[in-house]
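Examination of the molecular architecture
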Amino acid sequence: MQAIELVNVDAIGEARRQIEICNACRYCESYCAVFPAVHSKRAFSDGDIQQLSNLCHNCRGCYYACQYTAPHEFGLNLPKALAEVRQESWESHTQPGGIAKLFHRSGVSLSLFVVLAAALLVWLIQIAPKSSGEGFYSLMSHNAMVMLFAPAFILPILLILLSLRGYWRTIGGESIRWRHVAGAFGSIAKMKNLSGGHGDGCNFEAEDAFSNRRRLYHQATMYGFLLCFAATSVATLMHYGLDMQAPYGFFSLPKLFGISGGLLLSIGTLGLASLKLKADRGLADARVWGGEMAFVLLLFVVSTSGLALYFLRETSLLNELLALHLGAVLAFFLLMPFSKMVHGFFRLAALIRDEQCKA
Amino acid sequence: MYSAVYNQEADNNMVDLRANYDVIVVGGGNAALCAAISAAEAGARTLILEGAPKAYRGGNSRHTRNFRCMHGEPMAVLTDSYSEQEYFEDLMKVTQGKTDENLAKLAIRSSEECYAWMVEHGVRFQPSLSGTLSLSRTNAFFMGGGKALVNAYYRTAQNLGVDVLYEAQVTHLEREGDRIVSIDVTYQGEQHRLSPRAVVVSSGGFQADVDWLADAWGPAAKNFLIRGTPYNRGVVLKDLIGQELESVGDPTQCHAVAIDGRAPKFDGGIVTRLDCVPFSVVVNKEGQRFYDEGEDVWPKRYAIWGRLVAAQPDQVGYVIIDSKSLELFMPSVFPPIKADTLEELAGKLDLPTVQLQETIDGFNQACTEGHFHPTELDGLATQGLTPPKSNWARPIDTPPYYGYTLRTGVTFTYLGLKVDESAQVQGRTGPIENLWAAGEIMAGSILGQGYLAGFGMTIGTVFGRIAGREAARYASN
Ligand SMILES: Cc1cc2nc3c(=O)[nH]c(=O)nc-3n(C[C@H](O)[C@H](O)[C@H](O)COP(=O)(O)OP(=O)(O)OC[C@H]3O[C@@H](n4cnc5c(N)ncnc54)[C@H](O)[C@@H]3O)c2cc1C
Ligand code: HEM
Ligand code: SF4
Ligand code: SF4
């Protein structure tokens, strides 16, 4: 159980101190899933605190509502304390931890990585044997793409699964039933924990004012991403299963999913980035602000370059756009285990665990 | 209506102190906010003078969690029904008749419509919190607690154009005959004199002025902890009573409970409460018991322990439990002092070892066999012990042992201004034409003694709304 020891004990200790104050107070019980989970216990192991940190959606309701925030000597700032534990729980459960730390914390490194990946693609496109395919497949054949992207997707996913296994052990997870998963997805589908409990939303871009903007932009991002992912999956099925070769027309499933998903993802990430500029950095883990921002913008580049590729496919920009888009996608895939992307996986695990504990 | 738009207008530097305000509201807690919102909605140009800095705005209201609400049938988060009659009887019980029946019934009757008004102005409610099921019928809980309520009201008020000044301490209201002609306020180190048409005072009680408490109660009060804001020092109350306005409520009394002795001097709030007394033996610093720890269920005995501890040497008590009882009560904010033997515990708590051992031995021998039931009066009583322990008397014999110190924590004071049904402040010869009062500063009219959980916020909401409306009406004439 080395993973637990890697997490900064100070962050956990500070979160525990605050959680114990909350457990005597309970005023925030209806804001989110964290508080009911706290109130069902009296003592909190390191694993418990990490689980609570991943249940927290950083809605900040409990910060603005708290009568014990600084300058009060109790110094409550639960969103921040949990964000720091959460961040460290991701980094410590990921191998190699050093790479995770680098890309989580340094937006510059993440951006450079994207640039390198794009450059790599410029070069690959140049040396790739030109095929007889249509559209951009004339620049790089379908097979070449699959050879590049299949491992670049599958290996990172395997790494993430490994980290999740470690996390599951840390928090003492049990064997998973269908209803646990259903409960967790029910919560994710509506992003219930960003609703504030009353449906007015969270406290993000304008201090204690409740707003659903962040929740809506997140869902646009998340569903947009899933649609794009579905587009690729369907296309792969059509290619190998039904022997229907790309490019597909506008009214085909891959295109409909891809274009609507791309639009949602572009709008969502732009919205998230603009809200992020307004929000108080002191209520999250300030060390990773840059890395998070770079991640949001990477998603924006992925989706927007993808859309551009579709709309500008007949122009002379095709070559550059293809390199940019494929480079961004490649960087995104490779960085999945080492970037903010892991939040979805860990939070999903935390929500499943929470369903188990509720039962 | 409540809106999420952030209004910069009311930041301190934008407020023009030379402006002619229709209504000035003194204080920045629940009563003040209800008054300011109501005045602004009635068309008055309104200014709030809050003595505390922004981070501590909201007085004791920021520490609250619920208000007591009459209702004829299940209503939103409130279960079952709670009639005017029952509500009034509950009040009579705790005050032993020391109430103004008209004002009390007005507060009770209006509490029902307050619920919807509060929601309209941004307050959100939640079902009664875990550990407080006994209140789910009578009390509606604020989602996020009192600070969330205060935040929502400030936002609503500012969106209605109410100006707010923080760190604006009112020092004096100048009375001429039946009118208040001006208000003196210290703001950013400077004295200002403002002359609004009408004034609402809602600056709470005087419990944070420890010297005043000591004058009223005796020197023991210096050792009391103040559960709420350090900013309620009764400056305005003293000033007005000094100008021959009618007062109500016992000037020497305060509502006090027993809280964790390690709580901060001010603003410890709800988390410092300790619910373990019924399962314990409580001794004073000499190691002697002094009262029946198991007289009744804790919510009903919570308040008398403040006085009991206040009467002990150095105003301190020590709660001793053993490992059998550790999980029977709500978790405490500070962990208990833990020891493997009573001797070690006595050392850690600085209690006389031999006496503590003797007291516990005597208690243990007086315990009888029987069925222990933590959540109801189980009749498991000591025999031949003075003072007795009438329920939950189980020997303290299973290590590790745990101890807490207990101190007196003051919630509020009873002395207040006398008002009529329109919340208008009364002078010796009749009402003051342009002065209204709401909240703790006039609650003594209704709560002459004792306390009914959630009634403080009801009084503040009901009379704050009335005061704001009346002040605005006066100002518009
Ligand atoms: C820990 C705790 C928990 C409580 N829980 C509950 C509960 O759950 N339900 C309930 O009904 N009641 C509760 N009470 C009682 C409740 O807090 C009060 O009844 C209620 O808040 C009174 O409201 P108010 O607006 O009159 O006073 P406050 O909210 O105390 O506001 C007074 C305001 O006046 C300001 N002020 C003071 N002097 C000056 C001055 N000279 N110049 C300018 N401003 C000044 C203060 O800064 C403050 O903003 C609780 C009290 C405490 C201490
Ligand atoms: C299990 C499903 C998911 C959950 C529970 C979830 C939850 C959250 C929460 C609570 C936040 C805000 C707090 C924070 O920044 O950590 C967030 C931010 C974000 N999520 Fe998700 N998410 C999920 C899936 C996804 C997916 C699939 C994507 C798209 C790839 C995505 C993209 C983002 C982005 C871009 C941010 C903004 C980061 C920032 O502002 O710094 N999320 N997510
Ligand atoms: S965040 Fe503050 S108000 Fe909320 S439960 Fe914790 S201590 Fe209480
Ligand atoms: S920030 Fe929001 S989600 Fe996190 S613990 Fe606080 S209320 Fe819950």
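Residues numbered from 1 in each chain as written. Chains lettered and ligands numbered in written order. Predicted model: local features only at pLDDT ≥ 70, side-chain atom pairs only at ≥ 80, totals over all residues. Heavy atoms only, no water.

Chain B is annotated in an unreviewed UniProt entry as TcuA: flavoprotein used to oxidize tricarballylate to cis-aconitate from Marinobacterium lacunae. Taken directly from UniProt, the Cofactor (unreviewed entry) text for chain B runs: "FAD". (UniProt positions renumbered as here; feature names shortened; annotations may be inferred.)

In the nomenclature of an unreviewed UniProt entry, chain A corresponds to TcuB: works with TcuA to oxidize tricarballylate to cis-aconitate from the organism Marinobacterium lacunae.

1. Thoughts on helix α1 (residues 30–41) of chain B
Residues and elements named next belong to chain B. Taking 1.5 Å per residue as the helical rise, α1 with its twelve residues ought to reach 16 Å, and the 16 Å between its terminal C-alpha atoms agrees with that figure. When we look at burial in α1, the residues that qualify are Asn30, Ala31, Ala32, Leu33, Cys34, Ala35, Ala36, Ile37, Ser38, Ala39 and Ala40. Tucked into the core, α1 has its buried residues touching β1 (23–26), β2 (46–49), α3 (101–120), α4 (146–159), β10 (198–201) and α11 (455–476). Among the residues trailing α1, Gly43 stands out with phi positive, at a value near 95 degrees. (Helix = DSSP H or I, 4+ residues; strand = E, 2+ residues; numbered from the N terminus. Expected span 1.5 Å × (residues − 1). Buried < 20%, exposed > 50% of the residue type's maximum accessible area, 1.4 Å probe, protein only. Contact = heavy atoms within 4.5 Å.)

2. Describing the packing of aromatic side chains
Working definition: an aromatic ring pair is given by the centre-to-centre distance plus the angle between the planes. Residues and elements named next belong to chain B. The tally for this structure, following the rule as stated, stands at 36 aromatic pairs over all chains. Pairing Phe67 with Phe125 gives two aromatic rings, centres 5.9 Å apart and planes at 40 degrees, and the pair type is tilted. You can see Phe67 sitting in strand β3 (residues 66–68) and its partner Phe125 sitting in strand β4 (residues 125–126), a full 58 residues away along the chain. You'll find Phe67 and Phe125 in the same group, each marked buried. With centroids separated by 5.4 Å and ring planes inclined at 75 degrees, the aromatic side chains of Phe412 and Tyr414 adopt a geometry described as edge-to-face. (Phe/Tyr/Trp six-rings, centres within 6.5 Å; stacked < 30°, edge-to-face > 60°.)

3. Looking at the confidence of the model for chain A
For chain A, the mean per-residue pLDDT works out to 93, and 96% of the residues sit at or above 70. Every residue in residues 1–6 of chain A is under pLDDT 50, and counting partners more than four places away or in other chains gives eight contacts. (pLDDT = per-residue confidence, 0-100.)

4. What to know about the nonpolar core
Ranked by internal contacts, the top residues of the largest apolar core, which has 106 residues, are Val201 and Phe463 of chain B. Counting residues per element, this core draws most heavily on α11 of chain B, which supplies ten residues. Those residues within four positions of Phe463 of chain B in sequence are excluded, and the remaining contacts are Leu103, Leu106, Ala107, Asp420, Ala423, Ala438, Met442 and Ile446 of chain B. In terms of nonpolar packing, the next biggest core, distinct from the first, is built from 102 residues, Cys32, Ile49, Cys62 and Ala350 of chain A among them. (Core = buried A, V, L, I, M, F, W, Y, C linked by side-chain atoms within 4.5 Å.)

5. Let's talk about the UniProt feature "domain: FAD-dependent oxidoreductase 2 FAD-binding" (unreviewed entry) in chain B
Per the UniProt record, the feature "domain: FAD-dependent oxidoreductase 2 FAD-binding" (unreviewed entry) sits at residues 22–448 of chain B. The span residues 22–448 of chain B is 25% helical and 23% strand by assignment, and the distance between its end C-alpha atoms comes to 32 Å.

6. Some remarks on the interface of chain A and chain B
In this assembly, 31 residues from chain A lie in contact with 41 residues from chain B. A buried area of about 3000 Å², summed over both sides, lies between chain A and chain B, and 53% of it is on carbon and sulfur atoms. It is Ala24, Tyr27 and Arg42 of chain A that lose the most area in chain A upon contact with chain B, and together they represent 26% of the buried surface on that side. Linking chain A to chain B there are three salt bridges. Between Asp200 of chain A and Arg124 of chain B there is a salt bridge; the shortest N-O distance is 2.8 Å. Inspection of the chain A/chain B interface yields 20 residue pairs in polar contact (both at pLDDT 80 or more). Considering each element in turn, the side of chain A that touches chain B owes the most residues, four residues, to helix α2 (residues 9–25) of chain A. Each residue belonging to the side of chain A that touches chain B can be placed in one class, and the counts come to 15 nonpolar, nine polar and seven charged. (Buried area = accessible area lost by both parts, 1.4 Å probe. Salt bridge = Lys/Arg side-chain N within 4 Å of Asp/Glu carboxyl O. Polar contact = N/O pair within 3.5 Å; in protein donor to acceptor, adjacent residues only side chain to side chain. Nonpolar A, V, L, I, M, F, W, Y, C, P; charged D, E, K, R; others polar.)

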